[in-house]
Amino acid sequence: MRLQIILCAFIAYGVSGNVIIENDEQIVPLIVGGTPAAAGEFQGKISLQYTDGTHICGGTLIDPGHVLTSATCVTNQWGDVLHPSEYRLMGDDLTISVISGNANRQIRLATHVFVHPEFNLNRTEHDIAVIRVNETFTPSITFNPVPRGQDSPGVNTQCSVAGWGSTAQSAGNSFTLMRVNAVVISRAVCNSNTSYAGSVRGGMFCAGNIAGGQGTCQNDEGGGLICNNAVFGVVSRAQGCAVANFPTIYTDVAVYNTWIDSIINWNEGEHEIVPTPTSITSTTTPVPTTTIPTTTPYPDDAAIVAKSMYLFVACLTILLFR
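Summary of the structure given here. Within each chain, residue numbers correspond to sequence positions counted from 1 in written order. Confidence filtering applies because this is a predicted model: local features only for residues at pLDDT of at least 70, side-chain atom pairs given and counted only at 80 or more, and all residues used for totals across whole chains, interfaces and linings. Derived side-chain values reflect all non-hydrogen atoms in the structure, with water molecules and hydrogen atoms excluded from consideration.

Re the overall build of the chain
Moving on, step 1. Numbering goes from the N terminus for both helices and strands, where a helix is a DSSP run of H or I of at least four residues and a strand is a run of E of at least two. When you go through the chain residue by residue, the secondary structure sums to four helices and 13 strands.
Moving on, step 2. Within the chain, buried positions represent 53% of all 322 residues.
Moving on, step 3. For the area figures, the Shrake-Rupley method with a 1.4 Å probe applies, and any residue is considered shielded solely by the protein chains shown. Surface exposure of the chain reaches about 14,500 Å², of which carbon and sulfur atoms provide 57%. Summary of the burial criterion: residues with accessible area below 20% of their type's maximum are buried, those above 50% are exposed, and those between are partly exposed, where the area comes from a 1.4 Å probe applied to protein chains only.

What follows is the structure in structure tokens.
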């Protein structure tokens with residue numbers, strides 16, 4: 001009997017492990033070319049999640065009750081704003097594992113989703129949103145609201161970005177927060193014919209490594225670009241993941257500070273009466289760009305454990321009643 005139990009445990013572990021270890025790229029999924037972030041390094045870092053704990057986007061705490069993210073994180077493929085009941089927000093933790101987190105981890109539910117009224121899905125313009133939570137986050141040594149940049153960052157400004165996103169387009173989410181340096185690149189370079197060919201418009205800027213190899217990937221969207229301890233950009237889109245000549249395009253926070261202030265002070269009722277974008281999609285042919293692709297969420301710890309238990313019980317049943 002003991003041999004049977006050991007055999008079933010081995011089978012269950014091995015088969016369930018194949019869910020997340022299919023090839024070398026998927027063994028350690030994380031922000032491309034990154035290294036682990038230190039506790040408190042990204043003070044206002046938020047994981048935007050579905051209510052089951054699945055990570056979908058990044059965000060930045062900009063005041064105790066509001067999180068800055070991208071509009072593409074909170075809208076569907078038609079540009080419709082999704083209901084806040086879809087989301088929860090996690091802060092003050094370096095891991096997104098649903099079964100092994102920091103004792104200081106804080107979870108809040110969304111009550112309101114505010115998308116910029118001029119957000120345009122086809123052209124990915126005004127790609128910025130604010131989420132209000134049901135209870136303010138509690139400040140700690142490693143977690144506090146991050147101030148917003150008041151001016152657009154200058155070319156060659158040294159910044160950094162962090163996320164739980166992928167190492168490559170075929171990979172999934174990282175359980176551990178990863179970080180990477182990024183330098184602000186001139187609009188002229190990013191709009192050249194070898195790069196984004198004019199699609200980096202007003203309210204946007206580029207940052208990253210023009211040579212490629214380091215940068216953001218899927219499920220890093222919405223995360224904040226931190227320069228001099230303030231959030232200056234919101235991850236919007238990119239051509240693939242850390243591809244040479246195609247650094248990440250960020251929404252320029254300074255351009256939208258007046259709107260953000262108005263949202264923080266908005267107190268007119270429930271989410272259902274929140275103003276929604278008036279021009280969701282473009283009436284003209286969109287400029288051909290490739291947004292950061294969305295992939296199937298990576299299986300989390302709970303899913304792996306559940307599958308292992310199921311296989312273990314099934315194996316024992318077969319061996320005992322054959």
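Section: unusual backbone geometry
Moving on, step 1. Even without being glycine, A197 reaches a positive phi, approximately 50°.
Moving on, step 2. Assignment of secondary structure puts A197 in the loop between α2 (187–190) and β10 (204–208).
Moving on, step 3. Judged by its relative accessible area of 46%, A197 falls in the partly exposed class.

Some thoughts on the pairing of strand β7 (residues 129–133)
Moving residue by residue along a regular strand, the side chains alternate between the two faces of the sheet.
Moving on, step 1. Here β7 lies mainly inside the structure; five of its five residues are buried.
Moving on, step 2. Taking every second residue as pointing to the same face, both faces of β7 are buried, with A129, I131 and V133 on one and V130 and R132 on the other.
Moving on, step 3. Note: two strands are recorded as paired if DSSP finds a minimum of 2 bridges between them. Both strand β4 (residues 66–69) and β7 contribute to a ladder of four bridges, which runs antiparallel. The residue of β7 that forms the bridge with V67 is I131.
Moving on, step 4. Pairing of strand β6 (residues 106–115) with β7 involves five bridges; the strand directions are antiparallel. Bridge pairing in β7 places F114 opposite V130.

Points about the pattern of salt bridges
Moving on, step 1. Every case where a carboxyl oxygen of Asp or Glu lies within 4 Å of a side-chain nitrogen of Lys or Arg is listed as a salt bridge. For the structure shown, the criterion picks out five salt bridges.
Moving on, step 2. With its nearest N and O atoms 3.4 Å apart, the salt bridge here joins R123 to E125.
Moving on, step 3. For E125, a relative accessible area of 17% translates into the label buried.
Moving on, step 4. Among the charged side chains, a network of salt bridges with common partners joins R123, E125 and R201.

What about helix α3 (residues 257–264)?
Moving on, step 1. Listed in full, the buried residues belonging to α3 are N257, W259, I260, I263 and I264. All buried residues of α3 lie within an arc of 160° about the axis, which places them on one face of the element.
Moving on, step 2. Between two residues, a contact is recorded if the distance between any of their heavy atoms is within 4.5 Å. The secondary structure elements touched by the buried residues of α3 are β3 (55–63), β4, β6 and β7. Each C-beta atom gives one direction from the helix axis, and the arc is the one those directions make.

Focus: the sheet that holds β4
Moving on, step 1. If you trace the six strands once around the closed barrel, you get β2-β3-β4-β7-β6-β5, paired in antiparallel fashion. Ignoring strand direction, the axes of neighbouring strands in this sheet form an average angle of 40°.
Moving on, step 2. With respect to the sheet, α3 is in contact with β3, β4, β6 and β7, its orientation differing from that of β7 by roughly 20°. Here an axis means a line fitted to C-alpha atoms, over the contact stretch when the element is a helix, while the angle between two N-to-C directions is reported on a 0 to 180 degree scale.

Side note on the nonpolar core
Moving on, step 1. Counting 24 residues, the largest nonpolar core has L68, F114, V130, W259 and I260 as the members making the most contacts within it.
Moving on, step 2. Residue assignment for this core shows that the elements contributing at least two residues are β12 (230–237) and α3.
Moving on, step 3. At four residues, α3 tops the list of elements feeding residues into this core.
Moving on, step 4. Excluding residues within four positions of it along the chain, V130 makes contact with H66, V67, L68, H112, V113, F114, W259, I260 and I263.
Moving on, step 5. We define a nonpolar core as any set of buried Ala, Val, Leu, Ile, Met, Phe, Trp, Tyr and Cys residues linked to one another through side-chain atoms lying within 4.5 Å. Listed in part, the 20 residues of the second largest apolar core include C57, L61, V113 and I131.

Notes on the environment of Y87
Moving on, step 1. Along the polypeptide, Y87 turns up in strand β5 (residues 87–91).
Moving on, step 2. Each C-alpha atom of the pair Y87 and T51 lies 5.2 Å from the other, and the pair is 36 residues apart in sequence.
Moving on, step 3. Among all residues touching Y87, those that are not within four sequence positions of it are L48, Q49, Y50, T51, I56, C73, V74, L82, L109, A110 and V113.

Structural notes on the packing of aromatic side chains
Moving on, step 1. Note on ring pairs: Phe, Tyr and Trp rings are taken, using the six-membered ring of Trp, and paired if centres are within 6.5 Å. Classes follow the plane angle, with under 30 degrees stacked, over 60 edge-to-face and the rest tilted. Evaluation of the coordinates by the stated rule reveals five aromatic pairs.
Moving on, step 2. With 5.4 Å between their ring centres and 70° between their planes, F114 and W266 make a pair best called edge-to-face. Of this pair, F114 sits in strand β6 while W266 sits in the loop between α3 and α4 (301–320), and the two are 152 residues apart along the sequence.
Moving on, step 3. Residue F114 is classed as buried on the basis of its relative accessible area, which comes to 1%.

A short note on the state of the cysteines
Moving on, step 1. The definition used for a disulfide is geometric: two cysteine sulfur atoms within 2.5 Å. Within this structure, the stated rule accounts for four disulfides.
Moving on, step 2. The residue that forms a disulfide with C217 is C241, at a sulfur-sulfur distance of 2.0 Å. Between C217 and C241, the S-S dihedral sits near 75°, and the bridge is therefore right-handed. Here the residue C217 occupies a position in the loop between β10 and β11 (224–227), and C241 occupies one in the loop between β12 and β13 (248–252), the gap between them amounting to 24 residues. Take C217 and C241: they sit in the same class, and that class is buried.

That's the geometry; what it means functionally is another story.
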